[in-house]
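Descriptive structure summary
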Amino acid sequence: MSSSSLLLALRYRDIDARFLREAKQFLASSDNSSCLTLISPSASEPITTATTSSTTSTTGSSCSSAHNATAAASGSKPNRVFEFAFNHEPAQYCACGRRWQWKLDFSREPFQVTPMSAHCQQCSAPITKWCSDVQAFAATHVEITDILDKACSFFLNDYKHAIWEDATTTTAPVSSPEPKGKVPPASTASNQAPDPLVSKCRLCCRQFDAAVIGKTYPPKVTSPNKRIVYGMSCAKPHQGIITFTRWRAMSLQSAYKITHPTLSPSLDFSGTLLNCVDGAFLYEPVDPNSNIVPWHMNFADKQLFGFYGGSLFAQDEMQVAEHPILASLRAALLACPDELCKPITSNASQPTPCAIRGAERRVHIAIEPNTSLGRPNGLYGHQFGQAPANVVTEACTLLSPPTISNILAMEAPKFGKGAYTLSQLNFILQTAYTGYKAAVLESKAYMLEQGKSTTEPFVVMHTGGWGTGAFGGNKVVMTLMQVIAAAFAGVGQIMFHCFDNSGRDAFTEAVSILETVIPPITNSNHQVPVSSLLNAIQALGLLWGQTDGN
């Protein structure tokens, strides 16, 4: 998506004075006044086909009589632009306090909704690319979606379809150090209603131009070996659009209809395929024409990507090193005035997983032990900072062109002792479910953006020992909770990356536990009560593990 303009693309036959009058009456109606403020034309201003185009300047809207005369003489359609502002939305305000204004242009096919100007009319701050546009408002306020849907029907009795689509604008690109993002569309060509979880649980959604934030917020690295990696991976400007969303905890249902795991023809738990694979994430690209949407877990701390610059090289730091734009994203989010967009994965003891789409993976870093290449103990954890510079350089392979990754970051509970309590198990399951469901919803948004509104995404989640390293979680418990959460959330396939025999053994034991505990608690409706499932797992007395120091 190239800009923050929104097109309501409508098939229509003509625009006449009656059409324009009704459009003005609709926008100014009391039913819509809580969401919209009509700025121009005023209620007393007549609308006729004799008065045509209005042109926009940075100080407002003015009519050009010469242009009007030319248009009238040529017999062209009336070129009427309605100016309006959205109400009750903090993101619609510039940092100086002035509210953004928009224009609804009925002069062209299709109708166009764009900002009034490329810069704030009061402080001249650039706004066009990064301001929160009508899509942002629509995604968080159901009433504006309803208004626009009603507008389509009201304006055109026989229109065939209405779609949301990005438009390419001719305004100057934004280089603001505090970019404001936009939200993917909440309406589609098929009039598909947004999932209620989006409006209820998505705390924020912002899109960032990778080239802008990569230049404005270059990674800040203190580790000499990290400087080698980032020096290689950041040599060229970043590309693409980064979509960041943060989610509040989603409530679990009282029961889910899930089925007993089957081993043939493949390991399947309630429609979620389960696979155990060796080694680290490979971030392999998929066919862009398919419906497969891969995601890769970030085993996050509360401070998202907060420790990428030091010498430690655990899963989080490695992922940022291979996707250096994530370091810039963290800084851009910290600079964002919206508190809901801060890069944190939990708040007030509640999970707030973060989903990132569109990050370039620019380098592959080999971490497996290889004596002949000078890394007999590998490069994971503290080994990375202790390795000679030439060994680190040899381990890096630049990717040209870069591949694109989707990242799901969520913090696991940490440093527990003894047997897992029921509340701890519930927290782990809710956190994993929230993150996985967010990935599913974001995958649907991606399909809509690609023009595949009728295509259901097949979500593949790459994960592993979430919370079982430095946080000391039990590998069986954390594997088990992720499998259950994936089935509840509708993930199509979960790929467990196991680095050693203990990881593979934990995966096997987790599946065995499911085979044991699911059948006895399944009710007559083939549903499994969540409380019964957690009680059955808690009764196993599974113990917390020990931190591995990484």
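This report concerns the structure included in the present document.

What counts, and at which threshold
Residues numbered from 1 in each chain as written. Predicted model: local features only at pLDDT ≥ 70, side-chain atom pairs only at ≥ 80, totals over all residues. Heavy atoms only, no water. Helix = DSSP H or I, 4+ residues; strand = E, 2+ residues; numbered from the N terminus. Buried < 20%, exposed > 50% of the residue type's maximum accessible area, 1.4 Å probe, protein only. Contact = heavy atoms within 4.5 Å. Pairing = 2+ DSSP bridges. Core = buried A, V, L, I, M, F, W, Y, C linked by side-chain atoms within 4.5 Å. Axes fitted to C-alpha atoms, helices over the stretch in contact; angles between N-to-C directions. Phe/Tyr/Trp six-rings, centres within 6.5 Å; stacked < 30°, edge-to-face > 60°. Lys, Arg positive; Asp, Glu negative; His and termini not counted. Salt bridge = Lys/Arg side-chain N within 4 Å of Asp/Glu carboxyl O. Parallel < 35°, antiparallel > 145°, perpendicular 65-115°, else oblique. Left-handed = near helix turned anticlockwise from the far one by under 90°. Expected span 1.5 Å × (residues − 1). Arc of directions from axis to C-beta.

The helix and strand inventory of the protein chain stands at 15 helices and 21 strands. Taking all 550 residues of the protein chain together, the buried fraction comes to 54%. Intrachain contacts of the protein chain at a sequence separation of at least 6 include 80% that bridge at least 24 residues.

This part takes up the pairing of strand β17 (residues 354–365). Taken across its 12 residues, β17 has 11 buried, putting it largely inside the fold. Bridging between strand β10 (residues 241–247) and β17 involves four bridges; their strand directions are antiparallel. Pairing of threonine 243 across the sheet is with arginine 357, part of β17. Two strands pair when backbone bridges link them, and β17 and strand β18 (residues 396–411) are joined in this way by nine bridges, in the antiparallel orientation. Paired with arginine 361 across the strands is threonine 403, a residue of β18.

With that settled, consider the nonpolar core. Taken as a class, soluble globular proteins show a tendency for nonpolar side chains to be buried jointly. In this structure, Tyr436 and Ile484 are the most contacted members of the largest nonpolar core, which totals 66 residues. When residues in this core are grouped by element, the largest group, 12 residues, is from helix α13 (residues 475–489). Residue contacts for tyrosine 436: discarding those within four places in its chain leaves Met297, Leu408, Met410, Met461, Thr463, Gln482, Ala485, Ala486, Ala489, Val491 and Ile494. One finds Ala327, Ala395, Cys396 and Ala409 within the second-largest nonpolar core, a separate group that totals 43 residues.

Spatial ordering of the open sheet is given by β9-β10-β17-β18-β14-β19-β20-β13-β12, a layout of nine strands whose pairing is mixed. With partners counted over all chains shown, the strands left at the sheet margins are β9 (202–209) and β12 (268–269), one partner each. Two elements, strand β19 (residues 458–463) and strand β20 (residues 493–498), share four bridges in a ladder whose sense is parallel. Looking across to β20, one finds that valine 460 is bridged to glutamine 493. Helix-sheet contacts for helix α8 (residues 315–322) involve β14 (292–300), β17 and β18, and the interaxial angle to β17 is about 75 degrees. In the packing of α13 onto the sheet, contacts are made with β12, β13 (272–278), β14, β19 and β20, and the angle to β20 comes to roughly 165 degrees.

Let's shift gears to the packing of aromatic side chains. Summed over all chains, the structure comprises nine aromatic pairs. Aromatic side chains tyrosine 256 and phenylalanine 488 sit 3.7 Å apart centroid to centroid with 10 degrees between the ring planes, which places their arrangement in the stacked category. Of this pair, tyrosine 256 sits in strand β11 (residues 255–256) while phenylalanine 488 sits in helix α13; the two residues are 232 residues apart in sequence, bridging distant segments of the chain. Here the aromatic cluster, defined as three or more aromatic residues joined through ring pairs, consists of Tyr256, Tyr433 and Phe488.

Here the bond from serine 400 into proline 401 is cis, since omega is 0 degrees, no more than 30 degrees from zero. Along the chain, proline 401 turns up in strand β18. You will see that serine 270, though not glycine, has its phi angle at about 55 degrees, which is positive. Turning to its location among the elements, serine 270 is positioned in the loop between β12 and β13. Of note in this structure, histidine 526 is not a glycine but carries a positive phi near 65 degrees.

On to the side chain of lysine 226. Among the secondary structure elements, lysine 226 is positioned in helix α7 (residues 224–233). Of the side chains bearing the opposite charge, glutamate 317 lies closest to the buried lysine 226, which forms no salt bridge; the N-O distance is 6.1 Å. Contacts of lysine 226, omitting those with residues within four sequence positions, involve Val221, Phe307, Tyr308, Gly309, Gly310, Ser311, Leu312, Phe313, Glu317 and Phe384.

For the pair helix α12 (residues 422–449) and helix α15 (residues 530–538), the least separation of the axes is 10 Å and the interaxial angle reads 120 degrees. Compared by their axis directions, α12 and α15 come out oblique. Of the two possible hands of crossing, α12 and α15 adopt the one that is right-handed. Where α12 approaches α15, its residues Leu422, Leu425, Asn426 and Leu429 are matched on the opposing element by Val530, Leu534, Asn535, Ile537 and Gln538.

Turning our attention to helix α14 (residues 501–521). With 21 residues, α14 extends 31 Å from end C-alpha to end C-alpha; this agrees with the ideal 30 Å at 1.5 Å per step. Where α14 is concerned, the buried positions are Gly503, Ala506, Phe507, Ala510, Val511, Ile513, Leu514, Val517, Ile518 and Ile521. For α14, the angular spread of buried residues about the axis comes to 165 degrees, placing them on one side. For α14, the exposed residues lying more than 90 degrees away from the buried face are Asn501, Asp505, Thr508, Thr516 and Pro520. On its buried face, α14 sits against β12, β13, α13, β20, β21 (528–529) and α15.

Let's shift gears to the environment of proline 218. Assignment of secondary structure puts proline 218 in the loop between α6 (210–216) and α7. Residue proline 218 is classed as partly exposed on the basis of its relative accessible area, which comes to 46%. Considered as a pair, proline 218 and leucine 329 are 111 residues apart in the sequence and their alpha carbons are 9.4 Å apart. With residues near it in sequence (within four places) discarded, proline 218 still touches Ile213 and Ser328.

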